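Spelled out, the chains give:
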Amino acid sequence: MRRVTILLSVVVLAVVVSFVLYYYWGSSSESLYGVVRIGTLRGGISSLDVISMLRLDEKYGFRLEVVLFSKTLDLANALARGDIDVAVIPAEFVAKLREQGSDIVIVAVDFYQNQAVVARSGVDAGSIEGLYGRRLGVFKPTGTYAMFKAYMKSLYGADPEEVFKLADMPPPQLVEAFQRGDVDAVVIWEPFVSKLVKEYGGYIVVDYSTLWRKWGGPGASGVMIVYAARSEWAYNNQELVEKLQKARAEAAREWNNNRELAIRVLEEDYGLDREAAGYCWERVRMEETEKLTKSLVENILAVWRLARQGGYITGDPESLARGAFYGAG
């Protein structure tokens, strides 16, 4: 009888310990591994893809909770409301959010403008002007379209609404319309640029890097995608931000130096064939710097000035920049 009592006691103790451990390690994992709720645009590549594939969040001692959005505006609004902690988002959207009164800060630069105007084979257009009057596919609720409008106004003195026949639809539908011939060209980002060129026989009329240099921006191209956070969250979780910065920088290095890894990401996550994936990898170089530097800040400010010229923001970029760059003073 005594042995039975002892055995039952051991079993009960084991059950209690199991529940305690489950509660501590399972339901309270945030106390052990800080959680970053991070939002990103569905269908847009970033270092986040590599972080997830290589589990770099685990390596650096935090846990990612990824939330996908179909529209950049929805992503930006979720960040402003605090539904997510961090957003992988176009740089000009940060300026827009700050202009609207949201205290959003940039914590890292991910990569540079890779968008392009891609025309179908058989469409004779040696320049943007060669597409005037034609049917152009765009997705308006994006930074890509906002900056396209800015480039058109600044460089060509034209409004896309007036010089093109615009077809507004999400990227998957743009790809289908391109394939069917329902549009003559599209304004789109990677990995869709590479898919249209290598899988559907399109060609690049002009890319944003060329437009950037023509506009006179610093560097080879303008910053496209940044990691942005609510200021309060970032400064209350500085150790977590540093871990995220380190994981993102390592992911960028892995992407830049491991072609096979990048191709695997593009094949598995985005459905590109190997040729298109290799072409995309050649076109997209990620920023390996962990923290913001003076040159990166100057580049982003130039992007904001361009956005203002194009009418996307109305506020003074230098004023919007005060306090906008995490750790940069």
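See the structure above.
Since the model is a prediction, treat every value here as computed from it, not as a measurement.

Considering the side chain of N114
Move 1: Within the fold, N114 resides in the loop between strand 4 (104-112) and strand 5 (116-119).
Move 2: When residues no more than four places from it in sequence are discounted, the contact partners of N114 are W189, E190, V193, M224, R283 and V284.

Overview of the layout of surface pockets
Move 1: Space inside the largest pocket adds up to approximately 180 Å³.
Move 2: Along the wall of the largest pocket there are 13 residues; nearest its centre are T40, G44, D49, L68 and Y270.
Move 3: Only strand 1 (34-41), helix 3 (47-54), strand 2 (62-69) and helix 14 (259-270) provide two or more residues apiece to the lining of the largest pocket.
Move 4: The biggest single contributor to the lining of the largest pocket is helix 3, with three residues.
Move 5: The residue inventory of the lining of the largest pocket, partitioned by class, reads five nonpolar, five polar and three charged.
Move 6: A volume near 160 Å³ is recorded for the second largest pocket.
Move 7: Lining the second largest pocket are F111, Y112, Q113, N114, Q115, D207, Y208, S209, S221, R283, V284 and R285.

Focus: the pattern of salt bridges
Move 1: Taken as a whole, this structure holds 19 salt bridges when the rule is applied.
Move 2: Measuring nitrogen to oxygen at the nearest pair gives 3.3 Å for the salt bridge that ties E268 to R264. Here E268 pairs with R264, and both are found in helix 14, just four residues apart, close to one helical turn.
Move 3: Salt-bridge contacts for D316 lead to R308; the nearest nitrogen and oxygen are separated by 3.8 Å.
Move 4: Its relative accessible area of 29% is what places D316 among the partly exposed residues.
Move 5: Among the charged side chains, a network of salt bridges with common partners joins R37, D85 and R230.

Section: helix 13 (residues 238-257)
Move 1: In this model, helix 13 (20 residues) spans 29 Å end to end at C-alpha, consistent with the 28 Å of a helix rising 1.5 Å per residue.
Move 2: Every buried residue belonging to helix 13 is among L240, V241, L244, Q245, A247, R248, A249, E250, A251, A252, W255 and N256, and all of these are buried.

Things to note about the sheet that holds strand 7 (residues 165-168)
Move 1: On the basis of which strands lie adjacent, the open sheet formed by five strands has the order 7-6-8-5-9 and mixed pairing. In this open sheet, the two edge strands, each paired with only one partner strand, are strand 7 and strand 9 (203-207). Sheet twist, expressed as the mean angle between neighbouring strand axes with direction ignored, is 25°.
Move 2: By the bridge criterion, two bridges tie strand 6 (residues 135-138) to strand 8 (residues 185-188) in an arrangement that is parallel. Residue pairing in the sheet places L136 in a bridge with A185 of strand 8.
Move 3: Running at roughly 110° to strand 8, helix 7 (residues 143-156) makes contact with strand 5, strand 6, strand 7 and strand 8 of the sheet.
Move 4: Each of strand 5, strand 8 and strand 9 is contacted by helix 11 (residues 208-215), which is oriented at about 25° to strand 9, the strand it contacts most.

Thoughts on empty space enclosed by the protein
Move 1: What the rule picks out here adds up to two cavities of 30 Å³ or more.
Move 2: As a volume, the largest cavity reaches approximately 220 Å³.
Move 3: Surrounding the largest cavity, 22 residues form its lining, L41, P90, W189, M224 and I225 being those nearest its centre.
Move 4: Mapped by element, the contributors of at least two residues to the lining of the largest cavity are strand 1, strand 3 (86-90), helix 7 and strand 10 (223-230).
Move 5: Broken down by class, the residue content of the lining of the largest cavity amounts to 10 nonpolar, 10 polar and two charged.
Move 6: Its volume calculated, the second largest cavity comes out at about 40 Å³.
Move 7: In terms of lining, the second largest cavity is formed by L73, A76, N77, F93, K96, L97 and Q100.
Move 8: Those elements giving two or more residues to the lining of the second largest cavity turn out to be helix 5 (72-81) and helix 6 (91-99).

Calculation rules
- Residues numbered from 1 in each chain as written.
- Predicted model: local features only at pLDDT ≥ 70, side-chain atom pairs only at ≥ 80, totals over all residues.
- Heavy atoms only, no water.
- Helix = DSSP H or I, 4+ residues; strand = E, 2+ residues; numbered from the N terminus.
- Contact = heavy atoms within 4.5 Å.
- 1 Å grid on protein atoms, 1.4 Å probe; cavity = no way out; pocket = protein on both sides within 12 Å on 5 of 7 lines; lining within 4 Å.
- Points joined across faces, edges and corners; volume = space filled by probe spheres on them.
- Nonpolar A, V, L, I, M, F, W, Y, C, P; charged D, E, K, R; others polar.
- Salt bridge = Lys/Arg side-chain N within 4 Å of Asp/Glu carboxyl O.
- Buried < 20%, exposed > 50% of the residue type's maximum accessible area, 1.4 Å probe, protein only.
- Expected span 1.5 Å × (residues − 1).
- Pairing = 2+ DSSP bridges.
- Axes fitted to C-alpha atoms, helices over the stretch in contact; angles between N-to-C directions.

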